[in-house]
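Structural overview for review
Chain by chain, the residues:
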Amino acid sequence: MESSLSIGFRASGAQCGVYRSAGMEPEQCGLCLGKAEPVHSPSMPTQCPLFQELRNLASKHPNVIIIPLEVSDPTSIKAAAAKVAEHLGGSGLNLLINNAGMAKPKSMDNETLEDMIQVYTTNTIGPLLVGQAFLPFLKKAAQGSPGSGLSCNKAAIVNMSSYAGSIQDVYVWEFGQVVSYRCSKAALNMLSKCQSLAYKEHGILCVTLHPGWVQTDMGGGGSFKPPLTVDDSVQGMLKVLSSISEKETGTFLDWEGKVVPW
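So, here's what we can say about the structure. Here the structure is a predicted model, which is why all the values come from computation and not from measurement. (Residues numbered from 1 in each chain as written. Predicted model: local features only at pLDDT ≥ 70, side-chain atom pairs only at ≥ 80, totals over all residues. Heavy atoms only, no water.)

Some details on the packing of helix α5 (residues 113–143) against helix α6 (residues 179–199)
Axis separation between α5 and α6 bottoms out at 8 Å; the angle between their running directions is 20 degrees. In terms of their interaxial angle, α5 and α6 are classed as roughly parallel. As α5 runs across α6, the sense of the crossing is right-handed. Here D115, M116, V119, Y120, N123, T124, P127, L128, Q132 and L135 of α5 come into contact with α6, specifically with S180, Y181, C183, S184, K185, A187, L188, L191, Q195 and Y199. (Axes fitted to C-alpha atoms, helices over the stretch in contact; angles between N-to-C directions. Helix = DSSP H or I, 4+ residues; strand = E, 2+ residues; numbered from the N terminus. Parallel < 35°, antiparallel > 145°, perpendicular 65-115°, else oblique. Left-handed = near helix turned anticlockwise from the far one by under 90°. Contact = heavy atoms within 4.5 Å.)

What about the pattern of salt bridges?
Under the criterion given, the structure shown has five salt bridges. For the salt bridge of K200 with E246, the shortest nitrogen-to-oxygen distance reads 3.6 Å. Placement of K200 in the loop between α6 and β8 (205–210) and of E246 in the loop between α7 (230–243) and β9 (252–254) is noted, with a sequence separation of 46 residues between them. E246 gets classed as partly exposed once you look at its relative accessible area, which sits at 33%. (Salt bridge = Lys/Arg side-chain N within 4 Å of Asp/Glu carboxyl O. Buried < 20%, exposed > 50% of the residue type's maximum accessible area, 1.4 Å probe, protein only.)

Description of the nonpolar core
Among the nonpolar cores identified, the biggest contains 23 residues, and F134, F137, I157 and I204 are the most heavily contacted of them. The element contributing the most residues to this core is α5, with six residues. The residues contacting I157, other than those within four sequence positions of it, are L96, N98, G131, L138, Q195, Y199, I204, L205, C206 and V207. Core analysis: the next-biggest nonpolar cluster, separate from the first, contains 21 residues, V158, L209, V230 and V240 among them. (Core = buried A, V, L, I, M, F, W, Y, C linked by side-chain atoms within 4.5 Å.)

Points about the packing of aromatic side chains
Under the definition given, this model contains two aromatic pairs. Aromatic side chains F134 and F137 sit 5.8 Å apart centroid to centroid with 85 degrees between the ring planes, which places their arrangement in the edge-to-face category. Of the two residues, F134 and F137 are both situated in helix α5; the distance of three residues between them amounts to about one turn of the helix. Each member of the pair F134 and F137 is classed as buried. (Phe/Tyr/Trp six-rings, centres within 6.5 Å; stacked < 30°, edge-to-face > 60°.)

With respect to the pairing of strand β6 (residues 95–98)
Along any regular strand, the residues point their side chains to alternate faces of the sheet. Side chains of β6 alternate between two faces, with L95 and I97 and L96 and N98 buried alike. Of the crossover connections in this fold, the one passing from β6 over α5 to the parallel strand β7 (residues 156–160) is right-handed. (Right-handed = clockwise from strand over helix to strand, strands pointing away.)

Comments concerning unusual backbone geometry
With phi around 30 degrees, V178 is a residue other than glycine that occupies positive phi space. Secondary-structure assignment places V178 in the loop between β7 and α6.

Regarding the environment of S233
With respect to the secondary-structure elements, S233 resides in helix α7. Separated by 18 residues in the primary sequence, S233 and Q215 place their C-alpha atoms 9.5 Å from one another. For S233, the side chain forms a polar contact with the main-chain oxygen of P211, separated by 2.7 Å. (Polar contact = N/O pair within 3.5 Å; in protein donor to acceptor, adjacent residues only side chain to side chain.)

What to know about a nonpolar patch on the surface
Nonpolar side chains collect at one region of the surface, where M108, V170 and W173 lie side by side and expose about 280 Å² of accessible area between them. Considering the arrangement of structural elements, one finds V170 in the loop between β7 and α6. (Patch = residues over 30% accessible without salt bridge, like charges linked within 9 Å, V, L, I, M, F, W, Y side chains within 5 Å. Areas by Shrake-Rupley, 256 points an atom, 1.4 Å probe, with all protein chains shown as cover.)

Some points on the packing of helix α4 (residues 74–88) against α5
Packed helix pairs are characterised by how far apart their axes lie and by the angle those axes make with each other. Viewed as axis vectors pointing N to C, α4 and α5 meet at an angle of 30 degrees, and their least axial separation amounts to 10 Å. One finds that α4 runs roughly parallel with respect to α5. Here α4 and α5 pass one another in a crossing that is right-handed. Judged by residue contacts, P74, I77, A81, V84, A85 and L88 of α4 engage G126, L129, V130, A133, F134 and F137 from α5. Looking at side-chain class alone, the contact of α4 with α5 contains eleven nonpolar, one polar and no charged residues. (Nonpolar A, V, L, I, M, F, W, Y, C, P; charged D, E, K, R; others polar.)

Here's the deal with the environment of P68
With respect to the helices and strands, the residue P68 is situated in the loop between β5 (65–66) and α4. The sequence separation of P68 and A80 amounts to twelve residues, and the corresponding C-alpha distance is 6.4 Å.

What to know about α5
Across its 31 residues, α5 extends 43 Å between first and last C-alpha, which sits within 8% of the 45 Å expected from 1.5 Å per residue. The largest bend in α5 is about 50 degrees, located at F134, with the proline P136 one to four residues further on. (Expected span 1.5 Å × (residues − 1). Bend = angle between axes of the 7 residues up to and from the residue.)

Without other data, these values stay purely geometric and don't point to any function.
Here it is as structure tokens:
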């Protein structure tokens, strides 16, 4: 592998980075693949407690690099891509994880235009623009990898979605309608399918992952405790990423590698 990992962050208001939306702890995020040089792309306000955790992680592990990125801002995305290019030094990028996400706890009756636009911009348009900006690095990695098959070791885009975006099952509707979130994730699933078709010729695998309903501050609500621990979710996703190949490109999988209905 030429370079191991890029994770996109978004931080504004209640949303505070990767650990909420993916259920990943700092140590698991920073060194989850344990190969080459992970490139991380966070944008967190200094008052966010998770930002300090990330800085502490970076101080312990010099291979963790902090690069500001606001996924709803095209200028920020381009600047982050330029910084990543500097760190790659001419090498390619094997794995891009679009993990930034946000949710608004709104029902069908009180959903608003503003919330729909904000959530859709972060959860759907952000991964589109980040994928476009980082595509040259992924192409380079694919070109430098032998063989014709697809894998995360070669070049891949992984979009973190949610079972809540399943149109067939409308997962846990009784727990929360979160209409803008569901619609944005359903759209993200379609984006992933489109990316898989458009980028296959470049040797890039594209897949959508549901990390499970995880015990994080974003995943939980009130007195209800989600069924999945952070460790189980992350370890499961790492196992899936290490095993998927060309036959999985364009699919929607959960943290155990099971197919999630569209």
